[in-house]
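Observations on the model geometry
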Amino acid sequence: MVPFDFPGEPTPNGYSNVVTIHEGSRLIWTSGQVAAGPDGVVPDGWTEQTRQVFRNLEAALAQAGAGWADVVKLTFYVVDTDELPTVRAVRDEFVNVAAPPTSTLIRVAGLFRPEFLIEVEAVAAI
């Protein structure tokens, strides 16, 4: 993955505006991951839900032979944007902050179960 910056544009906060992938790379898409752990338990609060979502993404990526260094795009669905600093802090525990993936965040009215606060999907290139 090669991140690009736009000259004259402000530097994005925690994501890249554009990335390219190497010719011949295989693309991997995950389904949206929510905060249910392997035992089905949903943790309380934004920090622990976000961390569980990223653990679930990590497991999904690993099944396809990918890891966080391979992620080129993250799409976030959140029920509230007030917790964005928390979401970013947890995300930064997983992604390469020196060359972060592109990112989209969408505020939604709700997810498929009311206890879920966040859902994230990833695209990776290996």
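This text gives an overview of the structure that appears in the document.

Thresholds applied
- Residues numbered from 1 in each chain as written.
- Predicted model: local features only at pLDDT ≥ 70, side-chain atom pairs only at ≥ 80, totals over all residues.
- Heavy atoms only, no water.
- Pairing = 2+ DSSP bridges.
- Helix = DSSP H or I, 4+ residues; strand = E, 2+ residues; numbered from the N terminus.
- Axes fitted to C-alpha atoms, helices over the stretch in contact; angles between N-to-C directions.
- Contact = heavy atoms within 4.5 Å.
- Phe/Tyr/Trp six-rings, centres within 6.5 Å; stacked < 30°, edge-to-face > 60°.
- Buried < 20%, exposed > 50% of the residue type's maximum accessible area, 1.4 Å probe, protein only.
- Arc of directions from axis to C-beta.
- Core = buried A, V, L, I, M, F, W, Y, C linked by side-chain atoms within 4.5 Å.
- Expected span 1.5 Å × (residues − 1).
- Patch = residues over 30% accessible without salt bridge, like charges linked within 9 Å, V, L, I, M, F, W, Y side chains within 5 Å.
- Areas by Shrake-Rupley, 256 points an atom, 1.4 Å probe, with all protein chains shown as cover.
- Salt bridge = Lys/Arg side-chain N within 4 Å of Asp/Glu carboxyl O.

If you walk across this open sheet you meet the four strands as E3-E6-E4-E5, and the pairing is mixed. Strands at the two margins of the open sheet, each flanked by one partner only, are strand E3 (27–29) and strand E5 (102–107). This sheet shows a mean twist of 10° between the axes of neighbouring strands, independent of strand direction. Packing of helix H1 (residues 46–63) onto the sheet brings it into contact with strand E4 (71–78) and strand E6 (118–125), and relative to E6 it is tilted by some 30°.

Turning next to the packing of aromatic side chains. Applying the stated criterion to the full structure yields five aromatic pairs. Ring centres 5.3 Å apart and planes at 25° place the aromatic pair Phe-54 and Trp-68 in the stacked group. One end of the pair, Phe-54, is in helix H1; the other, Trp-68, is in the loop between H1 and E4, and 14 residues separate them in sequence. Assigned by exposure class, Phe-54 and Trp-68 land together as buried. Summarising the aromatic geometry, the rings of Phe-54 and Phe-76 are spaced 6.2 Å apart at their centres and angled 40° between planes, so their arrangement reads as tilted. You can see Phe-54 sitting in helix H1 and its partner Phe-76 sitting in strand E4, a full 22 residues away along the chain. Comparing Phe-54 with Phe-76 shows no difference in burial state: the two are buried.

Within helix H2 (residues 84–91) the residues assigned to the buried category are Thr-86, Val-87, Val-90 and Arg-91. Angularly, the buried residues of H2 cover 135° about the axis, an arc narrow enough to put them on a single face. In the core, the buried residues of H2 are packed alongside H1, E4 and E6.

Counting residues in each nonpolar core, the largest one holds 27 residues, and the members touching the most others are Phe-54, Trp-68, Leu-74, Ile-118 and Val-120. Secondary-structure elements contributing two or more residues to this core are H1, E4, H2 and E6. Ranked by residues supplied to this core, first place goes to H1 with five residues. Residue contacts for Ile-118: discarding those within four places in its chain leaves Gln-33, Val-34, Trp-46, Gln-49, Thr-50, Val-53, Phe-76, Tyr-77, Val-78, Val-87 and Leu-111.

The end-to-end C-alpha distance of H1, which contains 18 residues, comes to 26 Å, matching closely the 26 Å that a straight helix rising 1.5 Å per residue would cover. Regarding H1, the residues found buried are Trp-46, Gln-49, Thr-50, Arg-51, Gln-52, Val-53, Phe-54, Asn-56, Leu-57 and Leu-61. Those residues of H1 hidden inside the fold are in contact with E4, H2 and E6. One or two steps after H1, the chain reaches Gly-65, where phi turns positive at roughly 80°.

Now for a nonpolar patch on the surface. Together, Ile-21, Leu-27 and Trp-29 make up a nonpolar patch on the protein surface, roughly 320 Å² of accessible area in all. If you trace the backbone, Trp-29 turns up in strand E3.

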